[in-house]
Amino acid sequence: MSDQYARAHAAALSEKIGSMRFAMFTTRDQNGHLVSQPMTNQEVDADGALWFYTRTTTELWDNIAHQPEVNVSFADPDNSTWVSVSGRAERVVERARIHALWNPMVQAWFPAGPEDEHVVLVRVMPHAAEYWDANDSKMVRMFAMAKAAVTGSTPDVDAEHGTIRM
């Protein structure tokens, strides 16, 4: 894949995620079970990687070491937009990067600051992202669903579904 192609796909992913900062981050635990937790996306970088803060003392940190294949799902129900990112997570302990992404909201979750030895980053390099995005207004979608419920048909809405391969 060319750099230009990769950058275009990274930009497309960043655009789809947009201002959706909160995600459900899914890993496999030591028994192979899927487990999810809410996380805050700090950045989608130029390569399309997603960045999250965590602690070295969390199950998430341990799960990634055991099985780095993860899924990160974003939702914006008000705008009928959903994005599901599958990728490979890596554990990152780089103080310069931790400082670079630091902000007041992170400080609230990690009161000891960016020098806390347990504060670390997780970088998710996507394999692919699937998205669903309704183009109709919320009122049009609600009317289409009500009509479908009454008529026994499926809603006729203008929606886009696609995959971004990374």
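Going by the structure above, here's the rest.
Residues numbered from 1 in each chain as written. Predicted model: local features only at pLDDT ≥ 70, side-chain atom pairs only at ≥ 80, totals over all residues. Heavy atoms only, no water.

Let's talk about the packing of aromatic side chains
Okay, so step 1: Considering all chains together, one arrives at 4 aromatic pairs under this definition.
Okay, so step 2: Here Tyr-53 and Trp-102 contribute two aromatic rings whose centre-to-centre distance is 5.4 Å and whose plane-to-plane angle is 90°, an arrangement assigned as edge-to-face. On the criterion of sequence distance, the pair formed by Tyr-53 in strand 4 (residues 50–55) and Trp-102 in the loop between helix 3 (95–101) and helix 4 (104–109) is long-range, its members being 49 residues apart.
Okay, so step 3: Of the residues examined, Trp-102 reaches a relative accessible area of 18% and is grouped as buried.
Okay, so step 4: Between Trp-102 and Phe-110, the ring centres sit 6.4 Å apart and the planes meet at 50°, which makes this aromatic pair tilted. For the residue pair Trp-102 and Phe-110, the accessibility class agrees, reading buried in each case. (Phe/Tyr/Trp six-rings, centres within 6.5 Å; stacked < 30°, edge-to-face > 60°. Helix = DSSP H or I, 4+ residues; strand = E, 2+ residues; numbered from the N terminus. Buried < 20%, exposed > 50% of the residue type's maximum accessible area, 1.4 Å probe, protein only.)

Brief notes about unusual backbone geometry
Okay, so step 1: Although it is not a glycine, Ser-80 adopts a positive phi angle of roughly 50°.
Okay, so step 2: In this fold, Ser-80 is placed in the loop between strand 5 (69–76) and strand 6 (81–92).

A word on helix 2 (residues 59–66)
Okay, so step 1: All of the buried residues along helix 2 are Leu-60, Trp-61, Asn-63 and Ile-64. The buried residues of helix 2 occupy an angular sector of 165° when the element is viewed end-on, so they sit on one face. Exposed side chains of helix 2 directed beyond 90 degrees from the buried face belong to Glu-59 and Ala-65. (Arc of directions from axis to C-beta.)

As for helix 1 (residues 3–17)
Okay, so step 1: Taking 1.5 Å of rise per residue, the 15 residues of helix 1 would be expected to cover 21 Å, and the 21 Å separating its terminal C-alpha atoms lies within 8% of that figure.
Okay, so step 2: Of all the positions in helix 1, only His-9, Ala-10, Leu-13, Lys-16 and Ile-17 are classed as buried. Viewed along the axis of helix 1, the buried residues span an arc of 125°, placing them on a single side of the element. Among the exposed residues of helix 1, those oriented more than 90 degrees off its buried face are Asp-3, Gln-4 and Glu-15. (Expected span 1.5 Å × (residues − 1).)

A short note on the pattern of salt bridges
Okay, so step 1: Within the structure shown, the criterion is met by 6 salt bridges.
Okay, so step 2: For Asp-116, the salt bridge goes to Arg-55, with nearest N and O atoms at 3.7 Å. Of this pair, Asp-116 sits in the loop between helix 4 and strand 7 (119–134) while Arg-55 sits in strand 4, placing them 61 residues apart in sequence.
Okay, so step 3: Judged by its relative accessible area of 16%, Asp-116 is buried.
Okay, so step 4: Among the salt bridges present, the one from Glu-90 reaches Arg-123, with a minimum N-O distance of 2.9 Å. On the criterion of sequence distance, the pair formed by Glu-90 in strand 6 and Arg-123 in strand 7 is long-range, its members being 33 residues apart.
Okay, so step 5: Its relative accessible area of 35% is what places Glu-90 among the partly exposed residues. (Salt bridge = Lys/Arg side-chain N within 4 Å of Asp/Glu carboxyl O.)

Observations regarding the pairing of strand 4
Residues in a regular strand project their side chains so that they alternate between the two faces of the sheet.
Okay, so step 1: Burial of strand 4 is extensive: 5 of the 6 residues sit out of reach of the surface.
Okay, so step 2: In the sheet, strand 3 (residues 43–44) pairs with strand 4 via 2 bridges, with the strands oriented antiparallel. Counted as the bridge partner of Val-44 is Leu-50 from strand 4. (Pairing = 2+ DSSP bridges.)

Description of the nonpolar core
Okay, so step 1: In this structure, Phe-25, Leu-50, Val-72, Phe-74, Val-83, Val-122 and Val-124 are the most contacted members of the largest nonpolar core, which totals 26 residues.
Okay, so step 2: The set of elements that each furnish at least two residues to this core consists of helix 1, strand 1 (22–28), strand 4, helix 2, strand 5, strand 6 and strand 7.
Okay, so step 3: Ranked by the residues each element gives to this core, the list is headed by strand 7, at 5 residues.
Okay, so step 4: Excluding anything up to four places from it in sequence, Val-83 contacts Leu-13, Lys-16, Ile-17, Met-20, Val-72, Ser-73, Phe-74, Ala-129, Glu-130 and Tyr-131. (Core = buried A, V, L, I, M, F, W, Y, C linked by side-chain atoms within 4.5 Å. Contact = heavy atoms within 4.5 Å.)

Coordinates in, geometry out; function isn't part of it.
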